[in-house]
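Secondary and tertiary structure notes
Spelled out, the chains give:
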Amino acid sequence: MRQPKRQNANTLDVWSLFEAAASAAPDRIAVDFRSQSISYRELRARAVAIRELLGARGVKHLDRVATLLPNTPLTVALYLALAALGSTVVPVNTRLAAREVEELLSEARPGLFIFDHQYQDKVARVGATVRTLLASELSLEVERVQLQPERSPPQYARIDPSDPCIIFYTSGTTGRPKGVIRTQQNVCLSVLIMMRMQNFRHDTVLLAPLPLFHISGWETKFLCCLLAGGRAVLMERFDAEEMLALVERHQVSHLFLVPTMTHDVLRLGKLTGRDLSSLRYWQSGTAPLPSELREEVVRQLPQLQFLISYGTTEAGTIAFLEHSERNCGPGCVGHILPSVHVRIVDDDGCDARAGEAGEIWCASPMVSAGLFAGEGKMATPATNDEGWLATGDLGYLDTDGFLFVSGRKKDVIISGGENVVAAEVEEALKSHPKISEAAVIGTPDDRWGEDVTAFIVPVSGATVARDEVDQHCRALLAGYKCPRRIEFVDSLPKTSIGKIAKAALRELAAQSGTAS
């Protein structure tokens, strides 16, 4: 079996790259948020203050700090402060249910958990198991520290490229979220390559609507802009109308949206009613984008480059496509990034020929060092012994080396850019006392890409209402994981060996109009 080429480890770390950007132009605006405009000098000062405060609380090199925070400048400064400490940030998805937050923290076992007051109801049972700190308290302490006389420059930890920088929790194939370890080397190489691919420069103005707890929100977009010395316009949450206003007001040059966001913006019908002439790049990723949406954006805004990226949390970005490059056709995600190696592997474990479909495998210095396995346990390798990561996605390479993604090998639904594991939703459904069996599939939806659709077999003689199912799921799962469509059936189709035949359910959904 072919082995991927290896690059020498780079000694760069996130904080050093940020220091270089901040030193180059300290008075340049780094972050715009609501009415605030924060310079690189100010952002650095906040990060240094947080580093000192957390250090005084006992946070040290390699410690894990979990966060449950919205998109704010404090979140940005905190991530940078933890990078300066050589600590590991564990961002928690703010859309998770209380039970999911508790389970994640139970596995991650952070030394400190920093959360925003608006999520108080999600952390009610966490306080007894982990030290907590309200974001508002941290913000007040930062202001106090910054008012004090300037002290000697702080001493920073000696950071190794293999040190864990951030652990992104993402849906696993079994339903249990997995902690993907992104090392300093993973993040820095990813940022440096994506800076070039996305043409991030000191005059870049990025609109950042994606949550910073996602790899696409932080590593491959926001951090790229920041370390290039650009300006990031941060949105606490996405709103299509507000997004267009911000592009116009701040003369945004770079925009990254998941397909659902692009759908919502186009539905407004206001692209031509605003001055969006500053936009040079509109990028889509995290889920397949219907070609008609891409063509409509380009038709209305002919001055911009439409970019498509493909990647995973474990691998970072794998492929990249410019709209003007060529008309690849449905499923094309572009050419493979520099330093990334891709194989298409068939069911027998052999390399497929050009044009033949198989599972997409990749290898690069940006691939995760492993999956976090809990306190005191060795990380589970993300790759096989030869350094290859099996993505779980199906696709093929054409004769020109362009990558096409055709589906998923894993039973995962992508709804609104979020991964939803069918098994996790099925487990939640079957815990209801009136539900005998349940099967979950993704069905096409114009806005969300896929809807979470559940087929439910009630317990014999029982009656269960849709509202009852919805309330039960929302008590156990994040809202985006809860079924939007529910079908009650007498039985589920099974294969000859008793497995649920999901292909038959998809056909049934299409025939009954469950699929849109």
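Quick notes on the rules
Residues numbered from 1 in each chain as written. Predicted model: local features only at pLDDT ≥ 70, side-chain atom pairs only at ≥ 80, totals over all residues. Heavy atoms only, no water. Helix = DSSP H or I, 4+ residues; strand = E, 2+ residues; numbered from the N terminus. Contact = heavy atoms within 4.5 Å. Polar contact = N/O pair within 3.5 Å; in protein donor to acceptor, adjacent residues only side chain to side chain. pLDDT = per-residue confidence, 0-100. Buried < 20%, exposed > 50% of the residue type's maximum accessible area, 1.4 Å probe, protein only.

To continue, consider the environment of alanine 439. By the secondary structure assignment, alanine 439 is in strand E23 (residues 435-445). As for alanine 439 and isoleucine 500, which are separated by 61 residues in sequence, their C-alpha atoms are 7.5 Å apart. Sequence-distant contacts of alanine 439, defined by excluding residues within four places in its chain, comprise Glu426, Thr453, Ala454, Phe455, Leu492, Ile500 and Leu505.

Relative to the helices and strands, threonine 260 is located in helix H9 (residues 259-268). Only 3.0 Å separates the side chain of threonine 260 from the backbone oxygen of arginine 447, close enough to count as a polar contact. Once you skip the residues sitting within four places of it in the chain, threonine 260 turns out to touch Gly416, Arg447 and Trp448.

Summary statistics for the protein give a mean pLDDT of 89 and a share of 91% for residues scoring 70 or more. Considering only residues more than four positions removed or in separate chains, one finds that residues 1-10, a stretch of pLDDT under 50, has 25 contacts.

Okay, unusual backbone geometry next. One non-glycine residue, arginine 109, adopts positive backbone phi at about 45 degrees. Note on placement: arginine 109 falls in the loop between helix H4 (98-108) and strand E5 (112-115). The class for arginine 109 is exposed, based on a relative accessible area of 52%. Of note in the backbone geometry, serine 339 takes a positive phi value of approximately 75 degrees without being a glycine. Relative to the elements of secondary structure, serine 339 occurs in the loop between strand E15 (332-336) and strand E16 (341-345). We classify serine 339 as buried; its relative accessible area is 18%.

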